[in-house]
Amino acid sequence: MFFGEWRKSRYSYDVGACCEVLNLESGESHFRDSVNPDLAQLGFKNDEWTTFLATAKI
């Protein structure tokens, strides 16, 4: 897991419609719209984010 930098999904396209995630060593992950990065962010504990990703892949 990467800590401290916003990153886009490797599945994102070059058209600009994408989401980014930031994982922090404190145990939190933040999720934002890459087109409007200054707008609201969603926050999750890292274990909640990992569970979401595992569930979304099913």
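All of the points below concern the structure found in this document.

Criteria and cut-off values
Residues numbered from 1 in each chain as written. Predicted model: local features only at pLDDT ≥ 70, side-chain atom pairs only at ≥ 80, totals over all residues. Heavy atoms only, no water. Helix = DSSP H or I, 4+ residues; strand = E, 2+ residues; numbered from the N terminus. Buried < 20%, exposed > 50% of the residue type's maximum accessible area, 1.4 Å probe, protein only. Contact = heavy atoms within 4.5 Å. Areas by Shrake-Rupley, 256 points an atom, 1.4 Å probe, with all protein chains shown as cover. Pairing = 2+ DSSP bridges. Polar contact = N/O pair within 3.5 Å; in protein donor to acceptor, adjacent residues only side chain to side chain. Salt bridge = Lys/Arg side-chain N within 4 Å of Asp/Glu carboxyl O.

So, about the overall build of the protein. Across its full length, the protein holds 1 helix and 4 strands. Within the span of the protein, comprising 58 residues, buried residues form 19% of the whole. Once local pairs closer than 6 in sequence are excluded, the contacts in the protein between residues at least 24 apart make up 13%. On the protein, roughly 4,700 Å² of surface is accessible, and the fraction owed to carbon and sulfur atoms is 57%.

In the sheet, strand S2 (residues 19–23) pairs with strand S3 (residues 28–33) via 5 bridges, with the strands oriented antiparallel. Counterpart to Asn23 in the pairing with S3 is Ser29. Between the antiparallel neighbours S2 and S3 lie 4 residues, among them Gly27 with a positive phi of about 100°. Here S3 pairs with strand S4 (residues 42–45) via 4 bridges, running antiparallel. Its bridge partner being in S4, Ser29 is matched across the sheet by Phe44.

Moving on, we come to the pairing of S2. Summarising burial for S2: 4 of the 5 residues are buried, a large majority. Bridge count between strand S1 (residues 7–8) and S2: 2 bridges; the pairing is antiparallel. What sits directly across from Arg7, in S2, is Val21.

Moving on, we come to the side chain of Glu20. As for its position among the elements, Glu20 is in strand S2. Looking at Glu20, its side chain comes within polar contact range of the side chain of Arg32, at 2.7 Å.

By the secondary structure assignment, Asn23 is in strand S2. Separated by 2.8 Å, the side chains of Asn23 and Arg7 make a polar contact.

Counted according to the given criterion, the structure contains 1 salt bridge. Across the pair Glu20 and Arg32 runs a salt bridge whose closest N-O atoms are separated by 2.7 Å. One end of the pair, Glu20, is in strand S2; the other, Arg32, is in strand S3, with 12 residues separating them in the sequence.

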